[in-house]
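# A look at the structure
Chain by chain, the residues run as shown.
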Amino acid sequence: MDYSNSSAAIYKINGYVEKINIQLKNIITILKENRNDINYDSAIKISKFLPSCVDYYEQITNILSTMPEYAQFTVKMDNNVNRWDGQSVSLMDWITAFEISLSQLIEEVERVTR
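Keep in mind the model is a prediction, meaning the values are calculated, not measured. (Residues numbered from 1 in each chain as written. Predicted model: local features only at pLDDT ≥ 70, side-chain atom pairs only at ≥ 80, totals over all residues. Heavy atoms only, no water.)

You can see methionine 77 is positioned in helix 4 (residues 69–78). Each C-alpha atom of the pair methionine 77 and valine 89 lies 9.3 Å from the other, and the pair is twelve residues apart in sequence. The contacts of methionine 77, once residues within four sequence positions are left out, are Ser90 and Met92. (Helix = DSSP H or I, 4+ residues; strand = E, 2+ residues; numbered from the N terminus. Contact = heavy atoms within 4.5 Å.)

The structure is reproduced here in structure tokens:
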């Protein structure tokens, strides 16, 4: 689909952000239950949420990649989304926080489950 219309892109992106936030809230619940420690059992539980997070994130990047560079920048900076903790941030800040969190979660889950 062509997302040169930024309002259509924002609508789709916001939907994927919400889906990812739901998954992250589930992960946070698991972490809280284990006092922020990832053991084998919690790593297995967390690993079940990671593929959908990655899939939804890929959808966001695919949408952005179909847009002209200026439009991408505008959408990332001017579109505020709620983070998984409820704080409103720019899409750019959300992407940065999500990428860091996701990479750390994947690394830790892989370390524990080896």
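From this point, things continue past the structure.
The geometry of an aromatic ring pair is captured by two quantities: the separation of the ring centres and the angle between the planes. Summed over the entire model, instances satisfying the criterion amount to four aromatic pairs. A centroid spacing of 5.2 Å and a plane angle of 45° characterise the contact between tyrosine 57 and phenylalanine 98, whose relative ring orientation is tilted. Taken as a pair, tyrosine 57 in helix 3 (residues 50–65) and phenylalanine 98 in helix 5 (residues 91–113) lie far apart in primary sequence, 41 residues in all. For phenylalanine 98, a relative accessible area of 0% corresponds to the buried category. One aromatic cluster is present, formed by Tyr57, Trp84, Trp94 and Phe98 through successive ring pairs. (Phe/Tyr/Trp six-rings, centres within 6.5 Å; stacked < 30°, edge-to-face > 60°. Buried < 20%, exposed > 50% of the residue type's maximum accessible area, 1.4 Å probe, protein only.)

Before going further, it helps to examine the packing of helix 1 (residues 6–33) against helix 3. Their axes nearest at 9 Å, the elements helix 1 and helix 3 cross at an angle of 160°. Judged by the inter-axis angle, helix 1 sits roughly antiparallel to helix 3. Helix 3 is crossed by helix 1, and the crossing has left-handed handedness. Contact residues: helix 1 offers Ala9, Lys12, Ile13, Tyr16, Val17, Lys19, Ile20, Gln23, Leu24 and Ile27, while helix 3 offers Leu50, Ser52, Cys53, Tyr56, Tyr57, Gln59, Ile60, Ile63 and Leu64. (Axes fitted to C-alpha atoms, helices over the stretch in contact; angles between N-to-C directions. Parallel < 35°, antiparallel > 145°, perpendicular 65-115°, else oblique. Left-handed = near helix turned anticlockwise from the far one by under 90°.)

Before going further, it helps to examine the packing of helix 1 against helix 5. Packing of helix 1 against helix 5 leaves a shortest axis separation of 12 Å and a crossing angle of 40°. The element helix 1 and its partner helix 5 pack so that their crossing is left-handed. Residue-level contacts link Ile13, Val17, Ile20, Asn21, Leu24 and Ile27 of helix 1 to Leu91, Trp94, Phe98 and Leu105 of helix 5. Residue classes in the contact of helix 1 with helix 5 are distributed as nine nonpolar, one polar and no charged. (Nonpolar A, V, L, I, M, F, W, Y, C, P; charged D, E, K, R; others polar.)

For the rest of this paragraph, the subject is the pattern of salt bridges. Here the idea is simple: oppositely charged side chains can pair when their charged atoms come close. For the structure shown, the criterion picks out two salt bridges. A salt bridge links arginine 83 to aspartate 85; the shortest N-O distance between them is 2.6 Å. Exposure remark for aspartate 85: the relative accessible area of 48% places this residue in the partly exposed category. (Salt bridge = Lys/Arg side-chain N within 4 Å of Asp/Glu carboxyl O.)

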